[in-house]
Each structure stands twice: as C-alpha cells, then as structure tokens.
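# Chain and residue survey
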Amino acid sequence: MGGVVRSLISMTTPADRTSPRAQLAALFSAVLPGWGHAYIGRAKTAYALYLVDLVFVAGLLVAVARFQIELVKTWVTPDALLGLMALNVVLLVFRAWVMAGAYMTAPAAGPPLSGSLGMALALLLLVIPHLGFGYLAWTQYDLIRTVFAPAATATTTTIPPPVTTGPLPEPTTTMPATTTTETPAIWDGLDRLNILLLGADAGVGRTGVRTDTTILVSIDPGDGELAMFSVPRDLSGAPLPDGMGLWDCHCFPDLITHLYDAGVRYPDAFPGHGDPPINALKGALSEIFGVPIHYYAMVTLDGFVGVVDALGGVTIDVPETIIDETYPHEDGSVEQVVIEAGTQHLDGHLALAYARIRRHSDDFARMHRQRCVLGAVLDQTSPLEVIANFGALAQAIRDNVSTDIPQDRLGDFVDLLPLLSTDRVYSLRITRDEYQTGRTPGRVYYDIARIREDAQLIMRDPVTAEEQLGLGSLDTACDESYD
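The following paragraphs examine the structure supplied in this document. Remember, it's a predicted structure, so these values are computed and weren't measured experimentally. (Residues numbered from 1 in each chain as written. Predicted model: local features only at pLDDT ≥ 70, side-chain atom pairs only at ≥ 80, totals over all residues. Heavy atoms only, no water.)

A tally of helices and strands in the chain yields 19 helices and 16 strands. Relative to its 483 residues, the chain shows a buried fraction of 46%. Look at the contacts in the chain between residues 6 or more apart in sequence, and 69% of them connect residues 24 or more apart. With an accessible surface of roughly 22,800 Å², the chain has 60% of that area assigned to carbon and sulfur atoms. (Helix = DSSP H or I, 4+ residues; strand = E, 2+ residues; numbered from the N terminus. Buried < 20%, exposed > 50% of the residue type's maximum accessible area, 1.4 Å probe, protein only. Contact = heavy atoms within 4.5 Å. Areas by Shrake-Rupley, 256 points an atom, 1.4 Å probe, with all protein chains shown as cover.)

So this is what it looks like as structure tokens:
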C-alpha cells in the first residue's frame, strides 16, 4: 500500500517521468487495467491484467443478469454495504497499483511534456468512479442507520385482532402484545404482512400532528397480492384494544385524524414498545380491520414532495379536472391549483395537491386519489431513476420519514418486489353512503363491524369480494373519478 502511494505521489511531481509514453501509459491504465502495459510493450503483464478484467466484468454481468434480487438485498443490508465500501477501496488500490506500474516502467522516450494535463486526467479517471460509488454506498448506509429501527433491538408492537363472532373469520395468526426477539424470516407465522402508512400534516400555522392520510397496506407474502384500505379522517369513536385509552367507551371519541396528537398528550394511555402516538394508531387500526399491524411508515408533506421530485415526478391519468382556488401550499401560503383532466406528469407539489384537494368534492374522493398516486409511484419507479437522483431521494427520506421497520428486515421486503403489481391491488372504499351509522356535530360514526367484515373478505378472497362488493383492482378503479 505504501509503495502504491509513493508511486502515485511521484507521478504527480515534475521529475524525469515527463515523457509522453509514461503519461499515456498511466492514462490508458486508468481507463482499463492492462491497456497501459500493452501500450509500452509489456505483453505478458497486459494479458494477465486483461484476464482479471474479463473475470471481473463477466462476474458482474452474471450477477446483474441472474442475481438481481440478491444485489438489491445487498444494497439494503448495512453489513453488506460496509463490505461493498471495503471492496471499493481494494479495487481503487488495485487500479492505482496497475496505473503506477505502467507509468514507472514506461521508457522515457520522446521529448518531455510540459505540464501535467495527461496525469491529471488519468488521476481523475482513476478516482472519480470510486468516489461516486463510495458516496452512494455511504449515503445508503447512513440512510438505513438513520431512518430504520436498529436491528439488534428491533421489536414489533402488534395488537391482537379482536375476537369476533358470526360471519367474521377469526384471524389465523394471534400475535402477542409485544414481541422482542431476533425475528426469523419476516413471513414466519403470518398469513399477511400489514403495514400502516401515515401522511403527517404538521403544516405551517398548525399545532401538533394530524394524520390526514391513514392507509393500511396488507400483503399476501405467498403471491404478492396487496390490499389497501384508506380510513376516513372524520371516522369517530374508533375502537381501542384493552389496556389503551382513558375513555369509558373503550374508544377514541374524537376524529381519528386527531388520535396521533392524543398519543402525544396522553402517552401513558397508549402503552407498548413503540412511541405512544404510533401505539395508538396501530391499536385502533388493528381493531377496525381485525388484523395485527406489524409495522408503520410515516411521511410528512414535505417528504412526499421531496420523494416524488427526486424520482422525476409521477404520471397520473386524471379522470376529471381538479380545482382548488385556495389550496394551502406546504410553505403556509395559499394558491389556486388546477389539474386538468387527461394524462398529466406531476411534480411533487402537484402530486401532493392531487392527493389532498377536496374543496369541490370530499374526503372519499381524496382517499381514492391518494391510493392512485401511491400505486402510480410504485408502478413507475425504476432503479435507474433511484440511482440517478439518489442523493436528493435519500435526503428527503432521511428528513421526513419515520418507521419501525428493522434494518435487518429490509431484505425480506425486497423479496416481495417481483410479486407486486398495481393490477393486483384491491381496495375498499369506506364512504359515508355505504358505512355511516350516525353523526353528531363534528363527528361521523361508521359501521366498524361491517368494515372489518368486508376488509377481511378482500384479504381472504379478493375474487369473491369483487363480485359481492362490486370492487375492481386499483389499476382499473383509478380510471374512474369520485369527485
């Protein structure tokens, strides 16, 4: 290592190594190890280095072609990322050694060159690829360690689904209230993996956090079939599990959009391993849908805008023109927003507006559009876009996303990616017309038992649910407007 460093230093100092052949040998070696040695007539060394190049490139191509999922899992595993960074340093040292060797053994023939343009270019070609990869790997490592739960202490707070009678099936998996273990495969013992997605509205001029977007995503790990259930923000009287809350009704009497803030104000009322506000929401959603909630992910408004912008925007088929004359911008100002009907490519700000506007419609149309936006982002995101905008994407996630998904379980989620498709996403429209049972000033009450029954039918048998409930896949439903 010390010899390589000394050779590189000597290459950058004006001495007797100023012949054009030496500088060209270094430049060619920086482009392809072996080329510089071939140029100066060291054929045996060149052929040996070409063989190393061939083995490395062939191995890389085979890995990309045959082991794509394993490569992606490597990219979401902290220990593997450290290994990749170490390998990156080893490759840099190897290339530097080859380049230095070509430079130092080149004959000093020809007139000397003034300046070091050739050497500067060679050093840039040597270092820049490794700096770029190192930046990506370190950014990803820091993102995982910052946002996701530590692997060694990761726990899953789940609420056992309520025991039901009548036509409602009892869940096949009962989870303890708090489990702290080194979890095996994430699917072990689970019929479905249930994740709570939250959109936090903590805008300028507002006190506390409101979860204006509450979506339960339920995944069948066997075939990747996915169900999405949006909860109306005005749902009142959400049931709570035993041991939670401080109200005689064993429920949260206010709007469910205020439940997160209640967890902040009354932390002792929502015990569990996680933060009290998240325990509260997991408990309520578990009771509503009759399934355990395994993980959550929450994104702020600014975070959603940043993620969509970092991905280059999202294309939406807008069934009907959406207008809001006084739309609240993320910075606290007010503006007029018009999103015309037809195929529209939206940046993060307009994608958020499309998912939030309800001035001339209602929460249920907005909930429908939110599911469609999430489906479009999932369907249109490509690995190349992620890599090209990785820095901005990582920054948006780091600053605006919180989750209890453990670091060492990210690879299990990667295994699901080939199975997921927007044409196999099923959704239940929880509207007042269908499910409302009563209301008082500022409160709307829904038929929780019926919501649970319909949701479990979708999760258990989506084909039958389509026939009985008149449902379609998310891809088909997004062609319709409920505004």
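Nonpolar side chains collect at one region of the surface, where Phe-56, Val-57, Leu-60, Leu-61, Val-64 and Leu-71 lie side by side and expose about 540 Å² of accessible area between them. Here the nonpolar patch takes five residues from helix H4 (residues 43-66), the largest share from any one element. Among the secondary structure elements, Leu-60 is positioned in helix H4. (Patch = residues over 30% accessible without salt bridge, like charges linked within 9 Å, V, L, I, M, F, W, Y side chains within 5 Å. Salt bridge = Lys/Arg side-chain N within 4 Å of Asp/Glu carboxyl O.)

Before going further, it helps to spend a moment on the packing of aromatic side chains. Applying the stated criterion to the full structure yields 10 aromatic pairs. Through a chain of ring-to-ring contacts, the aromatic side chains of Trp-247, Phe-252, Tyr-266 and Phe-270 assemble into a single cluster. Sitting over the ring of Tyr-354, Arg-369 keeps its end group 5.5 Å from the ring centre. Directly above the aromatic system of Tyr-435 lies the positively charged group of Arg-450, at a separation of 4.6 Å from the ring centroid. (Phe/Tyr/Trp six-rings, centres within 6.5 Å; stacked < 30°, edge-to-face > 60°. Lys NZ or Arg CZ within 6 Å of the ring centre and 35° of its normal.)

Further remarks concern the sheet that holds strand E14 (residues 425-428). Read across the open sheet, the six strands follow the order E13-E8-E3-E4-E5-E14; overall the sheet is mixed. Strand pairing shows two members of the sheet lacking a second neighbour, strand E13 (401-403) and E14, which therefore form its edges. For this sheet, the mean inter-axis angle between neighbouring strands, taken without regard to orientation, is 20°. The sheet contact formed by strand E8 (residues 295-300) and E13 spans three bridges and is antiparallel. Residue pairing across strands places Ala-297 opposite Thr-403, the latter belonging to E13. (Pairing = 2+ DSSP bridges. Axes fitted to C-alpha atoms, helices over the stretch in contact; angles between N-to-C directions.)

It is worth spelling out helix H6 (residues 78-105) at this point. Over its 28 residues, H6 runs 41 Å from end to end, which matches the ideal 40 Å to within 8%, given 1.5 Å per residue. Within the sequence span of H6, burial applies to Pro-78, Leu-81, Met-85, Asn-88, Arg-95, Ala-96, Val-98, Met-99, Ala-100, Ala-102 and Tyr-103. (Expected span 1.5 Å × (residues − 1).)

Another aspect to go through is helix H2 (residues 20-31). Its 12 residues place the ends of H2 17 Å apart at the C-alpha level, agreeing with the 16 Å of an ideal helix rising 1.5 Å per residue. Of all the positions in H2, only Ala-22, Gln-23, Ala-25, Ala-26, Leu-27, Phe-28, Ser-29 and Ala-30 are classed as buried.

Further remarks concern the pairing of strand E9 (residues 314-318). Here E9 shows a clear split, with Val-314, Ile-316 and Val-318 buried on one side and none of Thr-315 and Asp-317 buried on the other. Bridge count between E9 and strand E12 (residues 342-346): five bridges; the pairing is antiparallel. Residue pairing for E12: Thr-315 is matched across the bridge by His-345.

Core analysis: the biggest nonpolar cluster contains 45 residues, and Phe-229, Leu-259 and Phe-289 have the highest contact counts within it. Counting residues per element, this core draws most heavily on helix H9 (residues 276-289), which supplies seven residues. Not counting residues up to four positions away in its chain, the partners in contact with Phe-229 are Thr-214, Ile-215, Leu-216, Phe-289, Leu-428, Ala-455, Ile-458 and Met-459. Of all hydrophobic cores here, the second largest spans 27 residues; its members include Val-147, Leu-226, Phe-390 and Val-414. (Core = buried A, V, L, I, M, F, W, Y, C linked by side-chain atoms within 4.5 Å.)

Enumeration over the complete set of coordinates arrives at one disulfide. The disulfide bridge from Cys-249 ends at Cys-251, spanning 2.1 Å between sulfur atoms. As the torsion about the S-S bond is roughly -95°, the Cys-249-Cys-251 disulfide counts as left-handed. By relative accessible area, which is 42% here, Cys-249 ends up partly exposed. (Disulfide = S-S within 2.5 Å.)

This brings us to the packing of H2 against H6. Two elements in contact, H2 and H6, have axes whose closest approach is 8 Å; the angle formed by their N-to-C orientations is 160°. Overall, the two elements H2 and H6 adopt an arrangement that is roughly antiparallel. Of the two elements, H2 crosses H6, and the hand of that crossing is right-handed. Along the contact surface, H2 presents Ala-22, Gln-23, Ala-25, Ala-26, Ser-29 and Ala-30, while H6 presents Arg-95, Val-98, Met-99, Ala-102 and Tyr-103. (Parallel < 35°, antiparallel > 145°, perpendicular 65-115°, else oblique. Left-handed = near helix turned anticlockwise from the far one by under 90°.)

Let us now look at the pairing of E8. With six bridges joining them, strand E3 (residues 193-201) and E8 adopt parallel strand pairing. Bridge assignment links Gly-199 to a residue of E8, and that residue is Val-299.

To continue, consider the pattern of salt bridges. This model, assessed by the stated rule, comprises 12 salt bridges. Arg-265 is paired through a salt bridge with Asp-261; the nearest N and O atoms lie 3.2 Å apart. Here Arg-265 and its partner Asp-261 are both found in helix H8 (residues 259-265), four residues apart, which amounts to about one turn of the helix. Assessed through its relative accessible area of 45%, Arg-265 is described here as partly exposed. Residue class for Asp-261 comes out partly exposed when judged on its relative accessible area of 23%. Across the pair Arg-450 and Glu-434 runs a salt bridge, and its minimum N-O distance is 3.0 Å. On the criterion of sequence distance, the pair formed by Arg-450 in helix H17 (residues 448-460) and Glu-434 in helix H16 (residues 432-435) is long-range, its members being 16 residues apart.

For the pair H2 and helix H7 (residues 117-147), the least separation of the axes is 8 Å and the interaxial angle reads 15°. Our classification of the angle between H2 and H7 gives roughly parallel. Where H2 crosses over H7, the handedness of that crossing is left-handed. Together, Gln-23, Ala-26, Leu-27, Ala-30 and Val-31 of H2 and Gly-118, Met-119, Leu-121, Ala-122, Leu-125 and Leu-126 of H7 make up the contact between the two elements.

So far we have only geometry, and geometry alone does not tell us how the molecule works.
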